[in-house]
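Spelled out, the chains give:
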Amino acid sequence: MPVRVVESSAPSQVSGASSGNTLPQACSLLTVGQTFSGTQNVSSLQNEKDEAWRVNVCIQGCDLDHGYLCGTMEALNVPMADTPVVTFWEGEIVDGKNYTFFTGKWEATPEDDIRHWTKFPSFSPLLSRVEADGGKTLDLSSYQYIFMRWKEQYFVNVGEDCGLTIAGFYYVCFSCSDGSISGFYYDPKSSPFQKLELKATNAGRSGFSFSTYEFQ
Amino acid sequence: MPSASPSTSSGRPTDLVSRLSSSDRGVRLRALREVKNQIIGNRTKKLAYIKLGAVPAVAAVLADASDGPGPDETCNLLVQSAVALGSFACGVDAGVQAVVDAGALPQLRRLLSSPDEKVVDSGARSLKLIYQSKLAPKYDFLDHENLQFLLSLLNSKNENVTGLGASIITHSCQTSAEQRALYETGVVQKLVDLIGGSVSQRDASLESLTAIIKNNYEVTSKILEFENGRALNLINKFIIDKSPRTRLLACACLIAVRKTSSRYVEDMGLGLKLIHHLLELLEDPGQVGDEASFALSTLIEEKEDLQKLALEANAINKLCIHLQNGLSCPKRFQGILLALANICSKLEICRSKLLALQAFNLVSDALRHDCTDVRVAACICLRSLSRSVKNLSAGYFVNETVIIPLLQLLHDPSIAVQLAALGAISNIVVDFTKHNSNFIHCGGVKQLVELSMAMDPVVRSNSLWALKNLTFLADSKCKEVVLSELTASSLATLIHDPESVVQEQALALVRNLVDGCVDSIDYVFAENGVILDAMGRQLQCASKAEIGIQGMYALSNVASGSKVHKDAVMEQLFQHGGMNAQPFIMRFLHSNDNHLRTASVWVLLNLTTFCPGAAGRLQRLRNAGIISQLKSMVNDPCLDVKLRVRTTLGQCMNYGDSTI
């Protein structure tokens, strides 16, 4: 029997009486061990493909209750580096409880925030609520996209004198549907709107594989 | 080799002990006095006299004197023998055991009904010392006569006797039935009255009230309401008492209240106050200071809000200063490590603070401490510190100064020690730095595999847990070492372990073994596919969702391989449970557990992905009603399930299922 697929609507506003969980739901493609591969355009001009660095990302930690995510980012063809450059980053998941759409630090003003978030098409249904209260009253629990900020914390395999900077941070949008990631690097001292585009990878498999660890 | 032997001004110790059995009461009394004077405050002499059999001899003097005539001499014998027995029991476990074994307790108890106040005092003091030991026999509060006797003790005008009553409660009150029985008999009222008494009565009452409150919501609520909160107001008053011991006991009592009924303490804003008081008490050089850190641990354990408050109150700095100054008392060392472990158990900011204070080496050095309790506490502290991806990624833990002592602790005969070491190992082997070869070179895998065969199911489960974490994103070399050490047949046996916690960890280990390089899927086909077959059989009968989740993700990982791998998974889905049995995946798709439904849909998604043989597999799934079930899940309340179901059905359309 044919089944009509009901498309999910945009996130609703949380009513005052709502006591349910409005945090983004767990997504199996955004769990520890998942890897992503793609590019970061170091120029803001999207057509300059030759200025794109190949990037691999691995999720190493995920704690939805605290809106926390972390992992490593590997840039492969960085011109001034002899080896791939690996950084460790920590992420803030925008969930209205732990973090809102407004960054409030890292030299990002609310205007910078809106200017970057609006680059993601999936953000448009949220814009008015975010402008009103940073998105605190949005119910993101059944939205297919998860918004985050990723901030690189340290270089894993090279010294800080490697000539590269990790002063900025990424505005990130993750699609729960296919595991694709879009991001924009923000650093007032770097080229604006450097775009990060990643796709979930499966290590040459015909399907997806999932590993696990748990702390005691 | 020289050994401690009791010297005596009136003969050899053996003679002295034999004189305790003299038929002359005067000789007995003098011998008794001599023994008593020698052992008071002297642990070595106590042990030496215990070896010579002095305790049964003194107990016999007590029994004999109880029955004998002559008021003055009898009284002296009773007092001296009671004091001597109490002294043997004070601070020496062997002494307590000897006194109990000699059957002296009923005799001492009889002294409490003596008309002579001195005799009553000596009996009560002696019994109190005995009940301070864990080795003292448990007092049965559910026995009516015992309860009445206890009440009579608490009602006594003699301070030592009421103190004894409170000590008995502190020693023996453990179950909720006992707590309720004590409350209902009016013991709480009595104890609250005694709080207003002497210092020793107050301390004893606070301690026994804590025992009655602990983990008992019903009794705690009644005490909170007792005479409009009189009891709690009194206890509150004593957290700023002059006596450090009283302050500590009042804090412990309020912690017990908070643990049972957090609303009360939060309303009063006492959490932070208690932290400050306990940190202050930590500076006490004596027993109070030793115990303050344990009380702090109890307060903040599992309480993220209080751990944050403790950080803000500078607790980590204060505790670290003690560590850095060197601790000669093992109990204090243990307490401080446990308090640090608790503060750092949940919050990254706390872990960062501790590491920034350069305390890591002090904690890892403690893994080699002479005292077992300190080593265990160091493991627990290390476990908390290593619950951090950030610290693991920075490579702080996987070095030989940490690994070697931890692996040595796995050889400890005590299960508690093994589990503490396994807890820390499980965390530090999560390899983000690719330094796991250190752990393997030190023989870690071999030891974990040995423990996965242990008699204790928690040890088996935790060693598999460590192996699971070790194989997370591990390279082929590491996985090969694990599997060759463990063997496929043993892993299959562990998948069918009688304990579900072991089954779950074994399946999670398989899940990691077959992740990564596609060739690693072949591990489940070793020894005629014994692992894969064990997985299928276990999933057919799995009772707990957690087992299903790990098993289905393991199957999903296999199903992400080649046609051969996918077909093998199909066989597992359908071959178990007989012709008429429902495939286990159908049961899992109906589960209430979001994660189990998600894992199950991933198996189907991987089986129907574009790959040779997909059409045939799809047909078989359709024939079994599984695709129809998927269609009914397109609006599953769990977003993850919904999205995977839609992707799977989208793939099915590629093979001509036009009904989708």
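Rules of the game
- Residues numbered from 1 in each chain as written.
- Chains lettered and ligands numbered in written order.
- Predicted model: local features only at pLDDT ≥ 70, side-chain atom pairs only at ≥ 80, totals over all residues.
- Heavy atoms only, no water.
- Helix = DSSP H or I, 4+ residues; strand = E, 2+ residues; numbered from the N terminus.
- Buried < 20%, exposed > 50% of the residue type's maximum accessible area, 1.4 Å probe, protein only.
- Contact = heavy atoms within 4.5 Å.
- Areas by Shrake-Rupley, 256 points an atom, 1.4 Å probe, with all protein chains shown as cover.
- Lys, Arg positive; Asp, Glu negative; His and termini not counted.
- Charge placed at Lys NZ, Arg CZ, Asp CG, Glu CD.
- pLDDT = per-residue confidence, 0-100.
- Buried area = accessible area lost by both parts, 1.4 Å probe.
- Salt bridge = Lys/Arg side-chain N within 4 Å of Asp/Glu carboxyl O.
- Polar contact = N/O pair within 3.5 Å; in protein donor to acceptor, adjacent residues only side chain to side chain.
- Nonpolar A, V, L, I, M, F, W, Y, C, P; charged D, E, K, R; others polar.

Engineer: Honestly, the overall build of chain B in this entry has me stumped. Any pointers?
Structural biologist: A count of helical and extended segments in chain B gives 42 helices and zero strands. Expressed as lengths along the three principal axes of its C-alpha atoms, the size of chain B is roughly 110 × 65 × 55 Å. Within chain B, buried positions represent 58% of all 660 residues. Pairs at least 24 apart in sequence give 70% of the contacts found in chain B among residues at least 6 apart. Put simply, chain B shows about 26400 Å² of open surface, and 52% of that area lies on carbon and sulfur atoms. With 66 positive and 64 negative side-chain charges, chain B shows a spacing of 2 Å between the two charge centroids.

Engineer: What is the right way to look at the environment of Val389(B) in this model?
Structural biologist: Tracing the sequence through the fold places Val389(B) in helix α26 (residues 389-393). Among the residues examined, Val389(B) registers a relative accessible area of 7% and is labelled buried. Sequence separation between Val389(B) and Glu348(B) is 41 residues; the distance between their C-alpha atoms is 9.5 Å. Setting aside anything within four residues of it in sequence, one finds Val389(B) in contact with Gln60(A), Gly61(A), Cys70(A), Phe88(A), Tyr213(A), Phe215(A) and Phe432(B).

Engineer: Can you walk me through the confidence of the model for chain A in this structure?
Structural biologist: Interpreting fine coordinate detail is not advised for predicted regions of low pLDDT. Chain-level pLDDT for chain A is 86 on average; 87% of the residues reach the 70-or-more range. When mean pLDDT is compared element by element in chain A, strand β8 (residues 169-175) of chain A scores highest at 97, while strand β1 (residues 12-13) of chain A scores lowest at 64.

Engineer: Got a minute to help me understand the environment of Ser182(A) in this structure?
Structural biologist: All names here are of chain A. Tracing the chain through its elements places Ser182 in strand β9 (residues 181-186). Looking at Ser182, the relative accessible area reads 25%, which means it is partly exposed. With twelve residues separating them along the chain, Ser182 and Tyr170 place their C-alpha atoms 9.5 Å apart. Excluding residues that lie within four positions of it along the chain, Ser182 makes contacts with Phe120, Tyr171, Val172, Cys173 and Leu196.

Engineer: In this structure, what is going on with the interface of chain A and chain B? I would like to understand it.
Structural biologist: How big an interface is tends to be stated in terms of accessible area lost as the parts join. Contacts between chain A and chain B engage 42 residues on the former and 60 residues on the latter. With both sides pooled, the region where chain A packs onto chain B buries about 3900 Å², and carbon together with sulfur makes up 52% of that total. Contact with chain B buries surface across chain A, with Arg205(A), Phe215(A) and Gln216(A) losing the most and accounting together for 21% of the total. At the surface where chain A touches chain B, the tally comes to two salt bridges. Between Glu214(A) and Lys468(B) there is a salt bridge whose closest N-O contact spans 2.8 Å. At the boundary of chain A and chain B, one finds 29 residue pairs in polar contact (both at pLDDT 80 or more). Here the side of chain A that touches chain B takes three residues from strand β3 (residues 52-63) of chain A, the largest share from any one element. Here the side of chain A that touches chain B is built from residues that sort into 20 nonpolar, 17 polar and five charged.

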